[in-house]
Amino acid sequence: MTREITRGVSRRTFLKGAGATGALALAGCTQSTDGGDGGDGGSGGSGGSSGGNGPSGQVIVKGSSTVFPISDSFAEVFMQENDSVNVTVDSTGTGGGFANHFCPGSSDINGASRPIKDSEKEQCSSNDVTPVEFQVGGDALTMAVNNEADWVDCVTPDEMSQIWREDGAQKWSDVRSEWPDEEFTLFGPASTSGTFDWFNENIIGEDYRHTTRHQPTEEDEQIVQGIEDNPHAMGYFGYAYYKANSDLVTALEVDGGNGCTAPSLANAKDGSYPMARPLYIYVAESALQRDAVYEFVKFYLERAETDNVQEIGYVPSSQQQRDENLEKLEEVAG
């Protein structure tokens with residue numbers, strides 16, 4: 001029979017040093033899920049500890065496709081060390097995760113490539129879900145073109161706005177006369193994506209709306225493939241997806257007023273890259289009272305400061321950010 005370990009020091013003392021077995025490790029068992037055990041209001045099998053000194057149960061992670069590789073990697077390692085916990089990770093887009101899973105109470109954690117909106121906070125509140133924000137890294141949002149597009153290597157935010165706004169430029173030559181007299185083929189995230197929201201607000205501009213002429217998807221690999229297959233294509237996604245496919249597409253430098261700057265982790269970290277942005281996870285406060293969720297989030301926040309995040313293709317959180325995150329976790333979890 002599973003039981004909830006009580007809050008406070010007794011719970012953390014009980015779990016100290018938890019989970020070091022590997023014989024039945026669940027490596028690679030992250031999977032898509034649309035509910036089930038777990039979630040902010042979940043019950044059966046979703047919390048407590050059984051059969052040992054480690055946590056057990058289910059942790060459900062939804063949200064950003066940008067944050068997905070971090071969450072998925074951490075989930076796999078965590079399950080190797082905690083064989084009684086199953087962490088499921090699903091890429092739904094930041095907004096899709098908030099609207100359809102996290103705020104309704106059917107997931108515990110939502111990855112986000114932008115801050116939560118007031119409307120999302122209201123939806124969460126109406127379902128008695130209190131989101132707790134943790135910044136877990138940084139990204140160099142990347143605009144990419146086909147490898148044959150040798151006429152372009154650097155763009156400005158205004159030029160990207162002209163290309164990606166509703167009723168904007170239709171052809172390359174509409175932006176610069178020396179560019180080809182060929183129509184753009186655009187690939188990008190869906191409107192449920194936090195990357196879509198960030199780009200619309202920070203690059204396209206508040207006076208314009210994002211074009212609907214692009215081919216939207218929550219699968220960043222499809223954006224890469226679309227660009228690779230069309231010589232006049234353009235698309236944008238998180239830096240990790242460019243890093244993994246740098247031989248298939250070409251990343252553009254961005255001139256934000258101080259010269260052309262390439263997307264890179266170093267340039268995102270020092271702020272010189274104009275499309276650097278923070279990455280987050282949001283955790284339901286009540287879910288942190290379940291041992292499996294608490295221990296996974298603690299593991300996540302500790303690991304977010306390591307080279308593992310950089311290997312995935314993002315900027316790790318700083319030591320100061322890690323310490324602030326862990327302090328907040330302890331304050332919220334009690």
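Residues numbered from 1 in each chain as written. Predicted model: local features only at pLDDT ≥ 70, side-chain atom pairs only at ≥ 80, totals over all residues. Heavy atoms only, no water.

Visitor: Go over the sheet that holds strand 8 (residues 215-217) with me, naming the residues and quoting the values.
Guide: Judged by pairing direction, the sheet is mixed, and its five strands sit side by side in the order 8-7-9-5-10 without closing on themselves. Across the chains shown, the open sheet's two edge strands, defined by having one partner strand only, are strand 8 and strand 10 (249-251). On average, each strand axis in the sheet is tilted by 25 degrees relative to the strand beside it, whichever way the strands run. Of the strand pairs in this sheet, strand 5 (residues 142-146) and strand 10 are connected by three bridges, and their pairing is antiparallel. Its bridge partner being in strand 10, Ala 144 is matched across the sheet by Ala 251. Contacts from helix 5 (residues 157-164) reach strand 5, strand 7 (185-189) and strand 9 (233-237) within the one sheet, and its direction differs from that of strand 9 by about 110 degrees. Of the strands in this sheet, strand 5, strand 7 and strand 9 are in contact with helix 6 (residues 194-204), which crosses strand 9 at around 105 degrees. (Pairing = 2+ DSSP bridges. Helix = DSSP H or I, 4+ residues; strand = E, 2+ residues; numbered from the N terminus. Axes fitted to C-alpha atoms, helices over the stretch in contact; angles between N-to-C directions. Contact = heavy atoms within 4.5 Å.)

Visitor: Let's hear about the state of the cysteines: which residues, and what values?
Guide: Throughout the structure, instances matching the rule amount to two disulfides. Each sulfur of the disulfide joining Cys 103 and Cys 124 lies 2.2 Å from the other. Here the S-S torsion is close to -65 degrees, and the disulfide linking Cys 103 with Cys 124 is therefore left-handed. On the criterion of sequence distance, the pair formed by Cys 103 in the loop between helix 3 (94-102) and strand 3 (109-112) and Cys 124 in helix 4 (residues 118-126) is long-range, its members being 21 residues apart. (Disulfide = S-S within 2.5 Å.)

Visitor: Describe the nonpolar core, listing the residues and the values that go with them.
Guide: Counting residues in hydrophobic clusters, the biggest one holds 90 residues, and the most contacted among them are Val 87, Trp 164, Phe 199, Met 275 and Phe 296. In terms of residue count, the dominant contributor to this core is helix 10 (residues 291-303) (eight residues). Excluding residues that lie within four positions of it along the chain, Phe 296 makes contacts with Val 59, Val 61, Ser 71, Phe 74, Ala 75, Phe 78, Val 87 and Ile 109. (Core = buried A, V, L, I, M, F, W, Y, C linked by side-chain atoms within 4.5 Å. Buried < 20%, exposed > 50% of the residue type's maximum accessible area, 1.4 Å probe, protein only.)

Visitor: Describe the pattern of salt bridges, naming the residues involved and giving the relevant values.
Guide: For the coordinates displayed, the defined rule picks out ten salt bridges. We note a salt bridge from Asp 197 to Lys 117, for which the minimum N-O separation is 3.5 Å. One end of the pair, Asp 197, is in helix 6; the other, Lys 117, is in the loop between strand 3 and helix 4, with 80 residues separating them in the sequence. Since its relative accessible area comes to 14%, Asp 197 is described here as buried. The residue Arg 322 makes a salt bridge to Glu 305 at a minimum N-O spacing of 3.1 Å. Note that Arg 322 is positioned in helix 12 (residues 319-333) and Glu 305 in the loop between helix 10 and helix 11 (307-312), a separation of 17 residues in sequence. (Salt bridge = Lys/Arg side-chain N within 4 Å of Asp/Glu carboxyl O.)

Visitor: Kindly report on the packing of aromatic side chains, identifying the contributing residues and their values.
Guide: Counted by the stated rule, this structure contains 15 aromatic pairs. Ring geometry for Trp 172 and Phe 184: centres 4.7 Å apart, planes at 40 degrees, overall tilted. Pair noted here: Trp 172 is in the loop between helix 5 and strand 7 and Phe 184 is in the loop between helix 5 and strand 7, with a separation of twelve residues, a long-range link. Exposure class is identical for Trp 172 and Phe 184. Each is buried. Relative to Tyr 242, the ring of Tyr 239 lies with its centre 5.9 Å away and its plane at 55 degrees, an arrangement referred to as tilted. Linking Tyr 239 with Tyr 242, this pair stays in helix 8 (residues 239-244), spanning three residues, or about one helical turn. In this structure an aromatic cluster arises from ring pairing among Phe 74, Phe 78, Phe 296, Phe 299 and Tyr 300. Looking at Arg 165, its charged tip hangs above the ring of Tyr 208, at a distance of 3.7 Å from the centre. If you follow Lys 328 out to its NZ or CZ, it ends over the ring of Phe 134, 5.5 Å from the centre. (Phe/Tyr/Trp six-rings, centres within 6.5 Å; stacked < 30°, edge-to-face > 60°. Lys NZ or Arg CZ within 6 Å of the ring centre and 35° of its normal.)

Visitor: I'd like to hear about the sheet that holds strand 1 (residues 57-63), residue by residue, with values.
Guide: Across a sheet, strands are paired by hydrogen bonds formed along the backbone, either parallel or antiparallel in direction. Taken in spatial order, the six strands line up as 2-1-3-13-4-14 in an open sheet, and their pairing is mixed. The open sheet is flanked by strand 2 (85-89) and strand 14 (315-316), the only strands paired with a single partner. In this sheet, strand 2 lies alongside strand 1 in parallel orientation, the contact comprising five bridges. Residue pairing for strand 2: Gly 57 is matched across the bridge by Val 85. Its contacts with the sheet place helix 10 against strand 1, strand 2, strand 3, strand 4 (131-140) and strand 13 (276-284), and it is angled at close to 55 degrees to strand 1.

Visitor: Can you tell me about helix 3, naming the residues and giving the values?
Guide: In terms of residue burial, helix 3 counts as a mostly covered element, since seven of its nine residues are buried. Turning to helix 3, its buried residues are Thr 94, Gly 95, Gly 96, Gly 97, Phe 98, His 101 and Phe 102. Residues of helix 3 that are buried make contact with strand 1, strand 3, helix 4, strand 4, helix 6 and strand 13.

Visitor: I'd like a rundown of the packing of helix 2 (residues 68-81) against helix 10, residues and numbers included.
Guide: Packed helix pairs are characterised by how far apart their axes lie and by the angle those axes make with each other. The geometry of helix 2 relative to helix 10 is characterised by a closest axis approach of 10 Å and an angle of 120 degrees between their N-to-C directions. By the angle between their axes, helix 2 is oblique relative to helix 10. For helix 2 against helix 10, the interelement crossing comes out right-handed. Judged by residue contacts, Ile 70, Ser 71, Phe 74, Ala 75, Val 77, Phe 78 and Glu 81 of helix 2 engage Ala 292, Glu 295, Phe 296, Phe 299, Tyr 300 and Arg 303 from helix 10. Looking at the contact of helix 2 with helix 10 residue by residue, the class counts come to nine nonpolar, one polar and three charged. (Parallel < 35°, antiparallel > 145°, perpendicular 65-115°, else oblique. Left-handed = near helix turned anticlockwise from the far one by under 90°. Nonpolar A, V, L, I, M, F, W, Y, C, P; charged D, E, K, R; others polar.)

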